[in-house]
Amino acid sequence: MSNWEKWTKKYVWDDEKTPFFISIEKLTKLQAKKELFLYLLFVGTPFGLIGFMSLAGITRGEHLGYLFLLIYSATIMISLYFISATKSSYAAFYSATAPLVLFLFLLIDGFPPKLHEVGQSALLVFLLLWLRYAMRIIRICRRFPNMREGVATPPTW
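Counting restarts for each chain: residues are numbered from 1 in the order of the written sequence. Whole-chain, interface and lining totals are the exception, using all residues; otherwise, since this is a predicted model, local features are given only for residues with pLDDT of at least 70 and side-chain atom pairs are given and counted only at 80 or more. Water and hydrogen atoms were dropped before computing side-chain values, which therefore reflect all heavy atoms in the structure.

Draft legend 1. Broad picture of the packing of helix H5 (residues 98-109) against helix H6 (residues 117-143). Put simply, H5 and H6 touch, their axes get as near as 8 Å, and they point 155 degrees apart. Taken together, the axes of H5 and H6 lie roughly antiparallel to each other. Remark: the crossing between H5 and H6 carries left-handed chirality. Facing H5, whose interface residues are Ala-98, Pro-99, Leu-100, Leu-102, Phe-103 and Leu-106, H6 presents Leu-123, Leu-124, Leu-127, Trp-130 and Leu-131. Fitting a line to C-alpha atoms yields each axis, with helices limited to the stretch in contact; the angle taken between N-to-C directions then spans 0 to 180 degrees. Put simply, DSSP H or I for four residues or longer makes a helix, DSSP E for two residues or longer makes a strand, and each gets a number counted from the N terminus. The cut-offs work like this: below 35 degrees is roughly parallel, past 145 is roughly antiparallel, 65 to 115 is roughly perpendicular, and the gaps in between are oblique. Crossings are assigned a handedness: left-handed for a near helix turned anticlockwise from the far helix by less than a right angle, right-handed for a clockwise turn. In what follows, a contact means two residues having at least one pair of non-hydrogen atoms within 4.5 Å.

Structural data, given as structure tokens:
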């Protein structure tokens, strides 16, 4: 019989590798870098895809909204680069506008027609949780220069 708690703790709730439940005051720079990297993947992947899809829409000659979407996606990707390179709180603040813009898009364009009320509610809750987490990222970037140095611990397998 395997010890699932040990493996879950090791890969999901490891304080060094996934410090999502540690307060910002207790984070080390190493933990903050890992959390910022996962945030960059979380935001960068869909916005990279949105940028490519909007570029395809522009090349097909569809409406002007795709141009604005392409520009916004590109600026989000640039802000993610600045978060990675300089830990800029201004870039983090700009990237935090992403769930708000998606919510505004849903208000203007409407929800997908086949999405029922439960799905709409789940999407709105997801956007609110994303906005809440983006506020944590802003605080991490603001506090990053004052964080203590972290030491990487070797894996225990």
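There is more to say, and it comes next.
Draft legend 2. Here's a closer look at helix H3 (residues 65-86). Take the residue count of a helix, subtract one, and multiply by 1.5 Å to get its expected span. With 22 residues, H3 extends 31 Å between its outermost C-alpha atoms, agreeing within 8% with the 32 Å of an ideal straight helix rising 1.5 Å per residue. Elements in contact with the buried residues of H3: helix H2 (29-59), helix H4 (89-95), H5 and H6. Where H3 ends, the next residue or the one after it, Lys-87, has phi of about 55 degrees, a positive value.

Draft legend 3. Examining unusual backbone geometry more closely. Unusually for a residue other than glycine, Lys-87 sits at a positive phi of about 55 degrees. With respect to the element layout, Lys-87 can be found in the loop between H3 and H4. When a residue's accessible area, from a 1.4 Å probe over protein chains only, is under 20% of the maximum for its type it is buried; when over 50% it is exposed; and in between it is partly exposed. For Lys-87, a relative accessible area of 14% corresponds to the buried category.

Draft legend 4. Spatial organisation of the nonpolar core. Ranked by internal contacts, the top residues of the largest apolar core, which has 27 residues, are Tyr-39, Ile-83 and Ile-140. Counting residues per element, the ones that place at least two in this core are H2, H3, H4, H5 and H6. No other element matches the 7 residues that H6 contributes to this core. Other than its neighbours up to four places away in sequence, Tyr-39 contacts Leu-80, Ile-83, Ser-95, Ala-96, Trp-130, Tyr-133, Ala-134 and Ile-137. We define the nonpolar core as a collection of buried residues of types Ala, Val, Leu, Ile, Met, Phe, Trp, Tyr and Cys that are connected through side-chain atoms lying within 4.5 Å of one another.

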